[in-house]
Amino acid sequence: MATFQIEGGHKLKGEINPQGAKNEALQILCAVLLTPETVQIDNIPDIRDVNKLIQILENLGVKVKKLGKGSYTFTADNLDLNYLESDLFKQEGSSLRGSIMIVGPLLARFGKGYIPRPGGDKIGRRRLDTHFEGFIKLGADFRYNKEEHFYGVDAPNGLTGTYMLLDQASVTGTANIVMAAVLAKGKTTIYNAACEPYLQQLCRMLNSMGAKIEGVGSNLLVIEGVESLGGCTHRVLPDMIEIGSWIGLAAMTRSEITIKNVSWENLGLIPETFRKLGITLDRVGDDIHIPEQDGYEIQSYIDGSILTVSDAPWPGFTPDLLSIVLVVCTQAKGSVLIHQKMFESRLFFVDKLIDMGAKIILCDPHRATVIGHNFESDLKATTMVSPDIRAGISLLIAALSATGTSTIQNIEQIDRGYENIDERLRAIGARIERIA
Ligand SMILES: CC(=O)N[C@H]1[C@@H](OP(=O)(O)OP(=O)(O)OC[C@H]2O[C@@H](n3ccc(=O)[nH]c3=O)[C@H](O)[C@@H]2O)O[C@H](CO)[C@@H](O)[C@@H]1O
Ligand SMILES: C=C(OP(=O)(O)O)C(=O)O
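The structure displayed is predicted, hence computed values, not measured ones. (Residues numbered from 1 in each chain as written. Chains lettered and ligands numbered in written order. Predicted model: local features only at pLDDT ≥ 70, side-chain atom pairs only at ≥ 80, totals over all residues.)

**Regarding the site of ligand 1**
1) Next: The environment of ligand 1 is made up of 19 residues, and the closest members are N23, S170, V171, T172 and M342.
2) Next: Listing elements by their share of the shell around ligand 1, those giving two or more residues are helix 1 (22-31) and helix 6 (171-181).
3) Next: Tallying contributions element by element places helix 6 first for the shell around ligand 1, with three residues.
4) Next: In terms of residue class, the shell around ligand 1 is built from eight nonpolar, eight polar and three charged.
5) Next: Summarising the domain contributions, the shell around ligand 1 has at least three residues from each of domain 1 (3-19 + 238-435) and domain 2 (22-235). (Near = placed C-beta within 6 Å. Helix = DSSP H or I, 4+ residues; strand = E, 2+ residues; numbered from the N terminus. Nonpolar A, V, L, I, M, F, W, Y, C, P; charged D, E, K, R; others polar. Domains from an automatic or database assignment.)

**Structural notes on the domain arrangement of the chain**
1) Next: Split into domains, the chain comes out as domain 1 (3-19 + 238-435) and domain 2 (22-235).
2) Next: Relative placement of domain 1 and domain 2: their C-alpha centres are 31 Å apart.
3) Next: Listed by partner, the interface residues are 18 residues for domain 1 and 16 residues for domain 2.
4) Next: Split into classes, the residues belonging to the side of domain 1 that touches domain 2 amount to six nonpolar, four polar and eight charged. (Contact = placed C-beta atoms within 7 Å.)

**So, the pairing of strand 3 (residues 38-42)**
1) Next: Alternating residues of strand 3 divide into V39 and I41, all buried, and T38, Q40 and D42, none buried.
2) Next: As paired elements, strand 3 and strand 5 (residues 71-75) share four bridges and run antiparallel to each other. When the sheet's bridge partners are listed, V39 is paired in strand 5 with F74.
3) Next: Two strands pair when backbone bridges link them, and strand 3 and strand 13 (residues 232-235) are joined in this way by four bridges, in the parallel orientation. Residue Q40 lies in a different strand from strand 13, and its bridge partner there is T233. (Buried ≥ 20, exposed ≤ 12 C-beta atoms within 10 Å, placed from the backbone. Pairing = 2+ DSSP bridges.)

**A closer look at helix 5 (residues 129-137)**
1) Next: Buried within helix 5 we find T130, H131, F132, G134, F135 and K137.
2) Next: In this structure, the buried side of helix 5 is in contact with helix 4 (103-110), strand 7 (141-145), strand 8 (150-154), strand 9 (163-165) and helix 6.

**Looking at the sheet that holds strand 12 (residues 220-224)**
Strand-to-strand pairing in sheets goes through backbone hydrogen bonds, with the strands running parallel or antiparallel.
1) Next: Here we have four strands laid out as an open sheet, ordered 9-10-12-11, and mixed in their pairing. Pairing within the sheet leaves two strands with one partner each, and these edge strands are strand 9 and strand 11 (212-214). Taken pair by pair, the neighbouring strands of this sheet meet at an average axis angle of 15 degrees, ignoring direction.
2) Next: Where strand 9 lies against strand 10 (residues 187-191), three bridges are found, and the strand directions are parallel. Across the sheet, Y163 pairs through a bridge with T189, a residue of strand 10. (Axes fitted to C-alpha atoms, helices over the stretch in contact; angles between N-to-C directions.)

**Things to note about the UniProt feature "binding site: phosphoenolpyruvate" (unreviewed entry) in the chain**
1) Next: Mapped onto the present numbering, the UniProt feature "binding site: phosphoenolpyruvate" (unreviewed entry) falls on K22 and N23.
2) Next: With respect to the helices, strands and loops of the structure, K22 is situated in helix 1.
3) Next: Judged by the 25 C-beta atoms lying within 10 Å of it, K22 falls in the buried class.
4) Next: Beyond its immediate sequence surroundings of up to four residues, K22 is in contact with P45, I47, D49, V50, D239 and G417.
5) Next: On the basis of neighbour count, N23 is assigned to the buried category, with 26 C-beta atoms found within 10 Å. (UniProt positions renumbered as here; feature names shortened; annotations may be inferred.)

Right, here's the structure in full:
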């Protein structure tokens, strides 16, 4: 278990280039399985989860060539599907969430897709029903081995398009079903589809490979199946969750930071949500400039009642930034209710912040009230364990703003989604060391 040691209380200054989006990259990488032709992907982040998925693709027989930083080609022309039944796959496939999205493409192209229960953050129940209900509607046979937690779908005679109304707008579920439907016979209509920028990007990539998807960006996708797909070149968008994390970091350390090339049109409610916390952020071309601010005051609603920040499927506010919003609020002027509607165990990390002196009431597993210090009292350094990726980065932000030296253990959780975070933080003046 590696550890970060952080000397807090120092202002940071400089420019940050956001990495490519983790959750988009995981979808896009799975889509290379849909064609025997070569696919080039640029701006792939160098993070644990993505590298693990690339390893799984290689073990499946995909030819992977690195062209330069973040740029790869993938050729899935000669796959070894026996790997899907190996012990190695049971171990590798269960180590991240994104691996679930190999099932749709394999089912569509080869008539079978298997997966052990995927990993990812331990942030509450993470069911896969939406994925498999979708495959079943497309004509697949489903089986589940309860002892081994192993899921399987088979469609030896191919898939057939149909109408489906998803039980929830699942991000990876929609991606999986879309990747199956593009090669199904006839028309598939998916209503209550998730439409995060990750999915919009996936659909654009698939259309450039020859798929026929309409409704991209909405919750109603209409897909006309095609016989086969070809190669393409695709560039992954900047990571909106990383961008939000940098905004939170700048505010809480009262630092001037410029986040370069953020793709503003794909940030949805993220800038406005941070503005509601009183944080100034300016659009300069396609950059976000956050000036040094002595403090920030949380806005109330028009009727004077306390602000609630809650998550919702896109275009709502992403659940992956709520932990970061919460930590930022511990030093705001004013109070806020954080309502994490989607996940059941994502707010428990507030105990660590309370240890550091933050004023937080965990009302129930989904809701926490934060009463900001307005920088009248600093958080105190402490030793903590990173429970999940976003709690991890939130604790790191807290440690960078705190007085004294903090230790964060289990930083593999942070490395899952943040590229080279310690080096990039040091480049803007942070005092952070990685201890193996
Ligand atoms: C690899 C990847 O891409 N992971 C992301 C993906 O996970 P993932 O695709 O696993 O998450 P889902 O969208 O399936 O669902 C997330 C949670 O929200 C609940 N839910 C979802 C939709 C809905 O309309 N109502 C509802 O309550 C689900 O029951 C589940 O508990 O999307 C999540 C939700 O944005 C993000 O947190 C994850 O970072
Ligand atoms: C929950 C997350 O990731 P995953 O779905 O990969 O666990 C996240 O990125 O915040």
